Amino acid sequence: MSESRAGKPSGITKRTFLARASATALAATMAGRAAVAEQQADYDVIVIGGGTAGMPAAIFAAERGARVLIIEAAAQLGGTLFLSGARMSAAGTKLQKELGIEDTPDLHFEDVMKASKNKADPDLLRLAVDSAGPMFDWLWENGLPIVEGTPAARGMTHSGQNRARYVWAPNGGMDVLEVLDKAIAPLIESGQITVLANTEVTGLRQASDGSISHVLAKGEDGQEIAVQGRAVALTSGGYTSNSEMFEELEGAPDYGDNTYPYSQGIGIKLGLSVDGFVRGGEHHLVSFGAVMLTEDIPSPLLCALNNNPDNRPPWEIWVNAHGERFIPEDTNDIHRKELALVDQPDERFWSIFDDQIFQSAPPLISRWTREDIASAFNEETMFAKADTLDELAQMIGLDPAKLRKTVADYNAAQKQGRDKLGRQHMPLPIEKGPFYSVRSQSSSLIGFAGLAVDSKLRVLRTDLKPIPNLYAAGEVLGAGSMMGQNYFGGMAVTPALGLGRLLGRELIAFQA
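In this report, we go over the structure that sits alongside the text. Here the structure is a predicted model, which means the values were calculated and not measured.

**Description of the nonpolar core**
Okay, so step 1: Formed by 101 residues in total, the largest nonpolar core has its most connected members in V68, L139, L180 and I193.
Okay, so step 2: Broken down by element, the residue count for this core peaks at 10 residues, all from helix α5 (residues 122-141).
Okay, so step 3: When residues no more than four places from it in sequence are discounted, the contact partners of L139 are M88, L144, V176, V179, L180 and L497.
Okay, so step 4: Listed in part, the 48 residues of the second largest apolar core include I357, L364, I430 and Y436.

Okay, structure coming up:
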């Protein structure tokens, strides 16, 4: 079996990221925990979650003179940056100007609103696009390396942009984290920022006027603390590793377990506990073409289909639980495929092909060889092989007669060169056994629901009044607020970074 089949991804994996803790941060953590537990120290700003939004919030608040406490559930700062490709979109940047690219936040705003079909929150999106350029400039000026050929108008993204503003670093989130680490380290060393890692936030305490007065937390030693703060920022990420919350908020099972393990939705729980509310779950959207390791819900991800027609035009057909095709397999509209998958029973489909296609087509699975795929039919749960279509249908739980009819209709269309769904690429019929199936499932990397906030990122109560002293930024706001029911390149990581910076630099109110 080849190394690619063994699944050795570059960078850090979900299973091993804890080993990469920062020694400086951990040392500060232990000192910080003792100080808070013994002295019940109060802070100007308490940041709950030291990741993509939390680290900039802390850095820039500290630079304003705030005494900052970061409470982090994991062993180190960084959050989803450990796993993220960190693809960013920012308009009007110094890099663009240096390259002669004319762009503005207004154009960026128009692009995203159009892609979201005006479902994105215009106030939050406005904040995000306005803060993106300054945040990217800061990263770039502080040493963030950039992949050659970027910024680009399109990359690994769904919607093309009207300017070349899409940019990423060679090592994705790890390169972004390195810049943030360098900026935060001296602030931790000086005591301006204190870090409590391996610490679970258990609640918020409110004063008589409804403002947040204390954050309640518990360390791995079990000791409970109540820390006073003049302002609290919820930057604890999303809920995609909390299957129960995912289904409750988005109305669909969380089929894939391939996200940051600390994405447990604690920020949403805390917001709800003080009369906040959640919105955006109706924008539920999934990634297309994941193949799971097991039948469990959620399941680890085994591999992904090579389903981008620009890289590999499809040779197979895709059928749903009714044994029917549901989309022209060669469409290059990724968003169309994702929306179509949401509408299928159990958000699931099967790639069906025969031996002639298997031997002739480029490998169906990304980064796997034909030999890897052949082995999977003997080893993996989602791979099936049979001598006849009827046997294959029975193996994978489909109606044999319906699958036979679907294949026969496709073969007739292939022969005539006219497909009822509009597919153009039909190189071979599906007619010579053995026959093969690979089952694919929806997968979610980000959550679309999030806490409701106002244009100053203050968490709103159910009566739409802001909760005094309580702010939120990052994935805790939900991807739907930035993109509606769509994925738009750069509009997950960039808003988290930019709005975190905006919180720390301008919006969080405190008296130093």
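**Considerations on helix α7 (residues 243-250)**
Since there are 3.6 residues in each turn of an α-helix, residues three or four apart along the chain are aligned in direction.
Okay, so step 1: Burial in α7 covers these residues: M245, F246 and E250. Relative to the axis of α7, the buried residues are bounded by an arc of 105° and lie together on one face. For α7, the exposed residues set more than 90 degrees away from the buried face come down to E244 and E248.
Okay, so step 2: Looking one or two residues beyond α7, the residue adopting positive phi is G251, at roughly 75°.

**Considering the packing of aromatic side chains**
Okay, so step 1: According to the stated counting rule, one finds 17 aromatic pairs in the structure shown.
Okay, so step 2: Between F353 and F377, the ring centres sit 6.4 Å apart and the planes meet at 65°, which makes this aromatic pair edge-to-face. Residue F353 is found in strand β13 (residues 348-354), and its partner F377 is found in helix α11 (residues 370-379); the two are separated by 24 residues along the sequence. Accessibility assignment for this pair places F353 and F377 in one class, buried.
Okay, so step 3: One aromatic cluster is present, formed by F353, F358, W368, F377, F383 and Y436 through successive ring pairs.
Okay, so step 4: When the ring centre of Y43 is taken as origin, the NZ or CZ atom of R67, which lies over that ring, is 4.8 Å away.
Okay, so step 5: Sitting over the ring of F109, R126 keeps its end group 5.0 Å from the ring centre.

**Side note on the pattern of salt bridges**
Okay, so step 1: Under the criterion given, the structure shown has 20 salt bridges.
Okay, so step 2: Residue E141 is joined to K94 by a salt bridge in which the shortest nitrogen-to-oxygen separation is 2.5 Å. Placement of E141 in helix α5 and of K94 in helix α3 (residues 94-98) is noted, with a sequence separation of 47 residues between them.
Okay, so step 3: Among the residues examined, K94 registers a relative accessible area of 41% and is labelled partly exposed.
Okay, so step 4: D111 is paired through a salt bridge with R165; the nearest N and O atoms lie 2.9 Å apart.

Here is what the cut-offs are and how they apply
Residues numbered from 1 in each chain as written. Predicted model: local features only at pLDDT ≥ 70, side-chain atom pairs only at ≥ 80, totals over all residues. Heavy atoms only, no water. Core = buried A, V, L, I, M, F, W, Y, C linked by side-chain atoms within 4.5 Å. Buried < 20%, exposed > 50% of the residue type's maximum accessible area, 1.4 Å probe, protein only. Helix = DSSP H or I, 4+ residues; strand = E, 2+ residues; numbered from the N terminus. Contact = heavy atoms within 4.5 Å. Arc of directions from axis to C-beta. Phe/Tyr/Trp six-rings, centres within 6.5 Å; stacked < 30°, edge-to-face > 60°. Lys NZ or Arg CZ within 6 Å of the ring centre and 35° of its normal. Salt bridge = Lys/Arg side-chain N within 4 Å of Asp/Glu carboxyl O.

Spatial relationships are all this shows, so hold off on functional conclusions.
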